[in-house]
Amino acid sequence: MLRKLVIGVAVIATLVAGVGTARLVLDPTGGVVKQLAFLRAEISGGADRAAQKQFPEGYFFLNALYGLSWVQVGLDDPVRSADATAEVRWSLDRLASADGTAPFDASLQPQYGVFYAGWTNWLRGGLIALGHSDAADLDTFTSESVELATAFRTAKTPFLAAYPGQAWPVDSAVAIASLRQYDALIAPRFGQIARNWVTMAKTKLDPATGLLPHQVAPQLSGARGSSQAMIQRFLVDIDPTFARTQYEIFKDKFVTGAGVREYPKGTGGKGDVDSGPLVLGMSLSATVVAMGAARVHNDPLGDRLSREGELIGLPFSGLKTKRYVFGAVPIGDAFLAWSTSARPLVAPEQPRLDGGSGWWRLPWLVVLWLPALILWGALRLRHRGRRRRRAH
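Model, not experiment: these values are computed from the prediction.

*Asks:* Looking at this model, I keep getting lost on the overall build of the chain. Mind explaining?
*Replies:* Counting its regular elements, the chain contains 16 helices and four strands. Its C-alpha atoms give the chain a radius of gyration of 24 Å, near enough to 21 Å, the size a compact globule of 392 residues would have. Over its C-alpha atoms, taken along the principal directions, the chain stretches across nearly 95 × 45 × 40 Å. Scored against the burial criterion, the 392 residues of the chain give a buried share of 49%. As presented, the chain carries roughly 18300 Å² of accessible surface, and 60% of it is formed by carbon and sulfur atoms.

Structure representation (structure tokens):
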């Protein structure tokens with residue numbers, strides 16, 4: 001009975017090792033459409049309202065990232081562009097609803113604050129890029145871009161408020177990227193505002209790291225992984241040269257062999273609503289977003305993080321849908337879909353960074369196969385011992 005039990009466990013361990021090895025080797029980007037099918041059903045069932053109870057921008061992010069992932073899918077596969085356009089319109093309608101605007105202050109400039117205005121404008125630019133927009137879409141994109149540009153032109157700081165008295169540089173980076181998107185899609189109009197923003201932002205860098213700070217109001221705080229991963233995703237579409245410099249610093253200060261730290265190497269701190277729980281100083285949310293940042297920078301790190309996510313994220317892929325961690329946290333699936341399908345929307349493909357060798361897989365392969373090898377080895381030794389005893 002003991003031998004049969006060990007054989008059963010050894011078989012299971014071998015199957016787990018085989019599946020894990022496949023996830024380290026196979027391309028994970030092919031499942032994004034299935035992820036989006038899962039997210040569509042979840043959002044329709046109220047997952048965005050549920051997310052709002054857990055995160056300050058849960059409703060907004062779940063809908064915005066769903067739409068942005070469809071933008072990337074539609075741009076990469078023109079056959080899907082019409083379907084992508086319909087889904088993006090659906091997302092924009094939900095963002096414009098009372099639920100979408102409820103957390104934000106309509107009295108701010110731009111209206112509802114730079115977080116809401118920047119992300120919405122970026123998504124609307126994606127709608128235009130898909131090639132199925134109409135005159136009303138263009139008029140809205142133009143008017144909202146002008147409103148953003150006016151707010152930046154008249155502000156005394158490069159970092160506009162997302163909420164009354166609160167400002168995060170990452171939100172302004174998204175908004176400026178949307179103005180660069182307008183120039184690329186429609187006509188050059190906001191280039192000087194973007195250049196001025198970069199010039200001013202360079203004077204506001206965190207002295208400890210040389211990166212853009214995490215928050216500037218009501219108080220200044222140093223660079224953190226959760227916002228830096230997002231900033232690196234958008235800077236490349238604003239100023240590729242500045243972006244590459246910032247990205248290399250970010251990798252040096254925050255990226256480790258297992259993921260992305262929330263605080264720079266050599267320092268520590270507590271997790272919060274931005275970072276989520278920290279594990280050995282690493283933030284899961286920062287790691288997932290950094291996957292997308294690495295992809296837009298043409299860094300093999302993105303592929304590595306994606307494959308590791310396939311290994312440890314407990315993905316389940318059915319005939320039509322795909323989800324992670326049993327679909328328990330749909331907003332996490334939304335960030336994964338957005339990062340897995342990441343591509344620059346304004347900048348050309350960036351020069352490829354040196355990603356080193358594929359030896360990063362070796363520790364994972366050891367962890368996967370060692371239990372199975374030990375079990376099968378033990379069974380082999382026991383079998384040989386029995387044969388010797390019979391011979392005697």
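There's plenty left to go through after this.
*Asks:* Please clarify how the UniProt feature "transmembrane region" (unreviewed entry) in the chain should be interpreted in this entry.
*Replies:* Cross-referencing UniProt, the feature "transmembrane region" (unreviewed entry) maps to residues 358-379 in the present numbering. When the span residues 358-379 is considered, its composition is 86% helix and 0% strand, and the gap between its end C-alpha atoms is 32 Å.

*Asks:* I tried to follow the packing of helix 5 (residues 81-96) against helix 7 (residues 113-129) on my own but got confused; where do I start?
*Replies:* Helix packing geometry: the angle between the two helix axes and the distance between the axes. Look at helix 5 against helix 7: their axes get within 10 Å of each other, and the N-to-C directions meet at 160°. For the element pair helix 5 / helix 7, the angle class is roughly antiparallel. The way helix 5 lies across helix 7 gives a crossing that is left-handed. Across the interface between the two elements, Thr85, Val88, Arg89, Ser91, Leu92, Leu95 and Ala96 from helix 5 touch Tyr116, Thr120, Leu123, Arg124 and Leu127 from helix 7. Partitioning the contact of helix 5 with helix 7 into residue classes produces seven nonpolar, three polar and two charged.

*Asks:* I tried to follow the nonpolar core on my own but got confused; where do I start?
*Replies:* One broad trend across soluble globular proteins is that nonpolar side chains are buried collectively. In terms of nonpolar packing, the biggest core is built from 95 residues, with Trp119, Phe152, Trp197, Met230, Phe250, Phe335 and Trp338 touching the most fellow members. Tallying contributions element by element places helix 4 (residues 58-76) first for this core, with ten residues. Dropping the residues within four chain positions of it, tryptophan 338 is found in contact with Leu65, Leu68, Ser69, Gln72, Trp119, Met230, Arg233, Phe234 and Val289. Among the nonpolar cores identified, the runner-up in size contains five residues, and Leu24, Leu311, Trp360 and Leu368 belong to it.

*Asks:* Explanation requested: the environment of leucine 305 in the structure shown.
*Replies:* Note on placement: leucine 305 falls in helix 14 (residues 301-312). Assessed through its relative accessible area of 6%, leucine 305 is described here as buried. Sequence separation between leucine 305 and threonine 340 is 35 residues, and the spatial gap between their C-alpha atoms is 9.6 Å. Once residues within four sequence positions are removed from consideration, leucine 305 is found in contact with Thr287, Ala290 and Met291.

*Asks:* Sorry if this is basic, but what is going on with empty space enclosed by the protein here?
*Replies:* Where empty space is left can be seen by rolling a probe of water-molecule size over the atoms. What the rule picks out here adds up to one cavity of 30 Å³ or more. Of the pockets and cavities examined, the largest cavity occupies roughly 70 Å³. Along the walls of the largest cavity sit Leu68, Gln72, Trp122, Arg233, Phe234, Asp237, Val296, Trp338, Arg343, Pro344 and Leu345, which together make up its complete lining. Contributions of two or more residues to the lining of the largest cavity are made by helix 4 and helix 11 (225-235). Looking at the lining of the largest cavity residue by residue, the class counts come to seven nonpolar, one polar and three charged.

*Asks:* For this particular structure, what's the right way to read the packing of helix 11 against helix 13 (residues 284-296)?
*Replies:* In the contact formed by helix 11 and helix 13, the axes pass within 8 Å of each other and the chain directions differ by 20°. If you check the angle between helix 11 and helix 13, you find them roughly parallel. Once helix 11 is placed against helix 13, the crossing between them reads as left-handed. From helix 11, Gly225, Ser226, Ala229, Met230, Gln232 and Arg233 reach across to helix 13, where they touch Ser285, Ala286, Val289, Ala290, Gly292, Ala293 and Val296.

Rules behind the numbers
Residues numbered from 1 in each chain as written. Predicted model: local features only at pLDDT ≥ 70, side-chain atom pairs only at ≥ 80, totals over all residues. Heavy atoms only, no water. Helix = DSSP H or I, 4+ residues; strand = E, 2+ residues; numbered from the N terminus. Rg over C-alpha atoms; globule rule 2.2 N^0.38 Å. Buried < 20%, exposed > 50% of the residue type's maximum accessible area, 1.4 Å probe, protein only. Areas by Shrake-Rupley, 256 points an atom, 1.4 Å probe, with all protein chains shown as cover. UniProt positions renumbered as here; feature names shortened; annotations may be inferred. Axes fitted to C-alpha atoms, helices over the stretch in contact; angles between N-to-C directions. Parallel < 35°, antiparallel > 145°, perpendicular 65-115°, else oblique. Left-handed = near helix turned anticlockwise from the far one by under 90°. Contact = heavy atoms within 4.5 Å. Nonpolar A, V, L, I, M, F, W, Y, C, P; charged D, E, K, R; others polar. Core = buried A, V, L, I, M, F, W, Y, C linked by side-chain atoms within 4.5 Å. 1 Å grid on protein atoms, 1.4 Å probe; cavity = no way out; pocket = protein on both sides within 12 Å on 5 of 7 lines; lining within 4 Å. Points joined across faces, edges and corners; volume = space filled by probe spheres on them.

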